[in-house]
Amino acid sequence: MDGQQLIKGFSRLSREEKVKWLSAYLEEDALADFLAAFRMDDAQLQDTFEGFSENTLSNFHLPWGIVPNVLIDGKLFHVPVVIEESSVVAAASKAASFWAQRGGFKTLQLSTHKKGQLHFLFYGNPDLLKENTNEIYSHLAQGIGHLTRNMEQRGGGVISLELKQVEGLPAHYYQLELLADTRDSMGANFINS
């Protein structure tokens, strides 16, 4: 959730006041979905949740609350959390407020390059394997084209493939290492695929 101003004393607001405050940041349908787990016919259950967590607005088999005032790269967020440990919510809320008043958190992207390895056993002629690495790379690149298409459209894709024998392992044990530029994607699904 994106908010525009810091809120002080969020934990001291009543549930109704918290919901009213939250309604300024969520569309009506989204707010209804967020609060759907709260059953008006079971206020005692909600009271129980509120008794052992902080900033609780609803529940999700565990208390569902808010860590307000998380300022990241100049944009203010109020983050939903589901956890039973009130001290975690209280500490996160206090830390978020502390850092928001001091410029917030800053992100820095160091690289969009990700590595993946395919480990395999090859009992054939190792010289033949090494002599045909370009053909193997070409075949592999064609085989993963459907996985790299979107990355390539964003300016990324496979940067390199390298056949390695890892020292200390049996001579027939190989590793094919792939380096990819995943751009604005984490790349885990791509690497695993």
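Predicted model, so just to flag it, every value in this text is computed and none were measured.

1. With respect to the overall build of the protein chain
Here is step 1: Helix and strand counts for the protein chain come out as 8 helices and 7 strands.
Here is step 2: Expected size for 193 residues packed as a compact globule is a radius of gyration near 16 Å; at 25 Å, the protein chain overshoots this value by more than 25%.
Here is step 3: Seen through its principal axes, the protein chain has C-alpha atoms that stretch 75 × 35 × 35 Å.
Here is step 4: The buried share of the protein chain, reckoned over its 193 residues, is 32%.
Here is step 5: Long-range contacts, defined as pairs at least 24 residues apart, comprise 55% of the intrachain contacts of the protein chain with a sequence gap of at least 6.

2. Remarks on the sheet that holds strand 5 (residues 113-121)
Here is step 1: Strand order in the open sheet formed by 3 strands is 5-7-6, with antiparallel pairing between adjacent strands. In this open sheet, the two strands that pair with only one neighbour each are strand 5 and strand 6 (157-164). The sheet shows a mean angle of 20° between the axes of neighbouring strands, direction not considered.
Here is step 2: Here 7 bridges tie strand 6 to strand 7 (residues 173-181), and the two strands are oriented antiparallel to one another.

3. Observations concerning helix 7 (residues 145-153)
Here is step 1: Buried within helix 7 we find Gly145, Thr148 and Met151. Looking straight down helix 7, one finds its buried side chains confined to an arc of 120°; they lie on one side. Of the exposed residues in helix 7, those oriented more than 90 degrees away from the buried face are His146, Asn150 and Gln153.
Here is step 2: Here the buried face of helix 7 lies against helix 6 (133-143), strand 6, strand 7 and helix 8 (188-192).
Here is step 3: Just downstream of helix 7, Gly155 is the residue with a positive phi angle, here 95°.

4. Side note on the pattern of salt bridges
Here is step 1: Using the criterion set out here, one finds 4 salt bridges in the structure.
Here is step 2: Two residues, Asp184 and Arg154, come together in a salt bridge whose shortest N-O distance is 2.5 Å. Taken together, the residues Asp184 in the loop between strand 7 and helix 8 and Arg154 in the loop between helix 7 and strand 6 connect sequence positions 30 residues apart.
Here is step 3: Relative accessible area serves as the criterion here: at 64%, Asp184 is assigned to the exposed category.
Here is step 4: Overall, the relative accessible area of 35% leaves Arg154 in the partly exposed class.
Here is step 5: Among the ionic pairs, Lys164 bridges to Glu177, the shortest N-O distance being 3.2 Å. Separated by 13 residues along the polypeptide, Lys164 in strand 6 and Glu177 in strand 7 bring together distant segments of the chain.
Here is step 6: Since its relative accessible area comes to 26%, Lys164 is described here as partly exposed.
Here is step 7: Exposure remark for Glu177: the relative accessible area of 11% places this residue in the buried category.
Here is step 8: Three or more residues are tied together by salt bridges with common partners; here these are Lys115, Lys164 and Glu177.

5. With respect to the packing of helix 1 (residues 15-23) against helix 2 (residues 28-35)
When two helices pack together, their arrangement is given by the angle between the helix axes and by the axis-to-axis distance.
Here is step 1: Orientation of helix 1 relative to helix 2, taken along the N-to-C sense of each, is 145°, at an axis distance of 10 Å. Here the hand of the crossing between helix 1 and helix 2 comes out right-handed. When helix 1 is examined against helix 2, the residues Arg15, Val19, Leu22 and Ser23 are found in contact with a partner set consisting of Leu31, Phe34 and Leu35.

6. As for a negative patch on the surface
Here is step 1: Together, Glu27, Glu28, Asp29 and Asp33 make up a region of like negative charge exposed at the surface.
Here is step 2: On the accessibility criterion, Glu27 (66% relative accessible area) is exposed.

7. Observations concerning the environment of Trp99
Here is step 1: With respect to the helices and strands, the residue Trp99 is situated in helix 4 (residues 86-100).
Here is step 2: For Trp99, a relative accessible area of 40% gives the class partly exposed.
Here is step 3: For the pair Trp99 and Ile72, spaced 27 residues apart in sequence, the C-alpha separation works out to 9.7 Å.
Here is step 4: When residues no more than four places from it in sequence are discounted, the contact partners of Trp99 are Gly104 and Phe105.

What counts as what
Residues numbered from 1 in each chain as written. Predicted model: local features only at pLDDT ≥ 70, side-chain atom pairs only at ≥ 80, totals over all residues. Heavy atoms only, no water. Helix = DSSP H or I, 4+ residues; strand = E, 2+ residues; numbered from the N terminus. Rg over C-alpha atoms; globule rule 2.2 N^0.38 Å. Buried < 20%, exposed > 50% of the residue type's maximum accessible area, 1.4 Å probe, protein only. Contact = heavy atoms within 4.5 Å. Pairing = 2+ DSSP bridges. Axes fitted to C-alpha atoms, helices over the stretch in contact; angles between N-to-C directions. Arc of directions from axis to C-beta. Salt bridge = Lys/Arg side-chain N within 4 Å of Asp/Glu carboxyl O. Left-handed = near helix turned anticlockwise from the far one by under 90°. Patch = residues over 30% accessible without salt bridge, like charges linked within 9 Å, V, L, I, M, F, W, Y side chains within 5 Å. Areas by Shrake-Rupley, 256 points an atom, 1.4 Å probe, with all protein chains shown as cover. Lys, Arg positive; Asp, Glu negative; His and termini not counted. Charge placed at Lys NZ, Arg CZ, Asp CG, Glu CD.

Purely geometric stuff here, so don't read any function into it on its own.
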